[in-house]
Amino acid sequence: MTGIKICGLTREEDIYFINSTRPEYIGFVFAKSKRQVDPHKCKRLISLLDSDIKVVGVFVNSCPKEINDIVDYCKIDIVQLHGNEKQEMCNDINSKVWKAFRVKDKYSLDKLKEYKVDGYLLDAYDVDQFGGTGSSFNWSLVKDARLDKEIILAGGITPDNVQNAIRETNAQIIDISSGVETNGIKDFDKIKTLIERVREIG
Ligand SMILES: O=C(O)c1ccccc1N[C@@H]1O[C@H](COP(=O)(O)O)[C@@H](O)[C@H]1O
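The paragraphs below set out a description of the structure included in this document. A quick note: this is a predicted structure, and the numbers were derived from the prediction, not measured.

Time to look at the overall build of the protein. Looking only at helices and strands, the protein features 7 helices and 10 strands. Against the globule reference of 17 Å for 202 residues, the protein gives a C-alpha radius of gyration of 16 Å, in line with a compact fold. With the C-alpha coordinates of the protein rotated into their principal frame, the extents come out at 40 × 40 × 30 Å. Looking at the 202 residues of the protein, the share that counts as buried comes to 52%. The long-range share in the protein, meaning contacts at least 24 apart out of those at least 6 apart in sequence, stands at 55%. Carbon and sulfur atoms make up 46% of the accessible area of the protein, which amounts to about 9800 Å² in all.

Time to look at the site of the ligand. Near the ligand lie 22 residues; those nearest to it are S33, R35, G132, D175 and S178. Take S33: an N or O atom from its side chain is 2.6 Å from an oxygen atom of the ligand. Note that an oxygen atom of the ligand is positioned 2.3 Å from one of the side-chain N or O atoms of S178. The protein chains hide 98% of the 510 Å² of surface that the ligand would expose on its own. A molecule is said to occupy a pocket when more than half its atoms come within 2 Å of that pocket's grid points, and by this definition the ligand occupies the largest pocket. Of all the secondary structure elements, the ones that give two or more residues to the shell around the ligand are β1 (3–7), β6 (119–124) and β8 (173–176).

So, about the sheet that holds strand β5 (residues 96–103). A barrel is described by the order of its strands in space; here 8 strands give the closed sequence β1-β2-β3-β4-β5-β6-β7-β8, paired in parallel fashion. When strand polarity is set aside, the average angle formed by the axes of neighbouring strands in this sheet is 25 degrees. In terms of strand pairing, β1 meets β8 through 4 bridges, oriented parallel. For K5, the partnering residue across the bridge sits in β8 and is D175.

Packed helix pairs are specified by the crossing angle of their axes together with the interaxial distance, meaning the distance between the axes. Their axes nearest at 11 Å, the elements helix α1 (residues 12–21) and helix α7 (residues 188–201) cross at an angle of 25 degrees. What the angle tells us is that α1 and α7 run roughly parallel. As for how α1 packs across α7, the hand of that crossing is right-handed. Across the interface between the two elements, E13, D14, F17 and T21 from α1 touch F188, I191, K192 and I195 from α7. When the residues that make up the contact of α1 with α7 are grouped by side-chain class, the tally is 4 nonpolar, 1 polar and 3 charged.

Now for α1. Each turn of an α-helix holds 3.6 residues, which means side chains three or four residues apart point in the same direction. Along α1, the positions that sit buried rather than exposed are D14, I15, F17, I18, N19 and T21. Among the structural elements, β1, β2 (25–29), α2 (39–47), β10 (185–186) and α7 are those in contact with the buried residues of α1. Trailing α1 by a residue or two, R22 shows a phi angle of about 60 degrees, which is positive.

The rules we used
Residues numbered from 1 in each chain as written. Predicted model: local features only at pLDDT ≥ 70, side-chain atom pairs only at ≥ 80, totals over all residues. Heavy atoms only, no water. Helix = DSSP H or I, 4+ residues; strand = E, 2+ residues; numbered from the N terminus. Rg over C-alpha atoms; globule rule 2.2 N^0.38 Å. Buried < 20%, exposed > 50% of the residue type's maximum accessible area, 1.4 Å probe, protein only. Contact = heavy atoms within 4.5 Å. Areas by Shrake-Rupley, 256 points an atom, 1.4 Å probe, with all protein chains shown as cover. Near = heavy atom within 4 Å. Polar contact = N/O pair within 3.5 Å; in protein donor to acceptor, adjacent residues only side chain to side chain. 1 Å grid on protein atoms, 1.4 Å probe; cavity = no way out; pocket = protein on both sides within 12 Å on 5 of 7 lines; lining within 4 Å. Sits in = over half its atoms within 2 Å of the grid points. Pairing = 2+ DSSP bridges. Axes fitted to C-alpha atoms, helices over the stretch in contact; angles between N-to-C directions. Parallel < 35°, antiparallel > 145°, perpendicular 65-115°, else oblique. Left-handed = near helix turned anticlockwise from the far one by under 90°. Nonpolar A, V, L, I, M, F, W, Y, C, P; charged D, E, K, R; others polar.

Shown next as structure tokens:
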């Protein structure tokens, strides 16, 4: 079954809705972003979350100590490193790590071999932003690359293209933020439709 991560939650009502629609993962963004949460708010939101939904913390070029402190304080399950972090830095994180790679062309995937992490998160390249762009990349590159780790597909996924995204890439997990928002706020109808369409595929 394809796993679902809904990223960029910021409000208590988001968490109550997530508890009823049950994606496998949710994400909180600690990097500078319109979706940024501070550790205190994150801890409070996690206290409302059903305990079988895994929590991912999204960081961009933070230092390991800061990340590990937040992981401990908030009880985060997986750290998503969405910047220019090197393998050595990933080694210093005290939790599972998903390393994000921003895909411009097939050569972008060469870098993955340098990393021994728990999952490869593939997102669209953008010159101005590290993530949460709402843009997608050429998904056919993913299947061709025959990657041997868990693949988390991100970037521009919406309820309308999610089934194609899964079929074209065979990603184990799909990760969505902008595509389930309206005017920058999580849109519960879009989340519900997206989850139904993923579950239809199985
Ligand atoms: O969501 C953000 O604001 C963000 C900021 C900095 C780094 C990563 C961020 N989010 C991640 O971006 C991808 C794709 O998001 P989208 O669906 O295209 O909006 C996803 O992995 C988020 O975790």
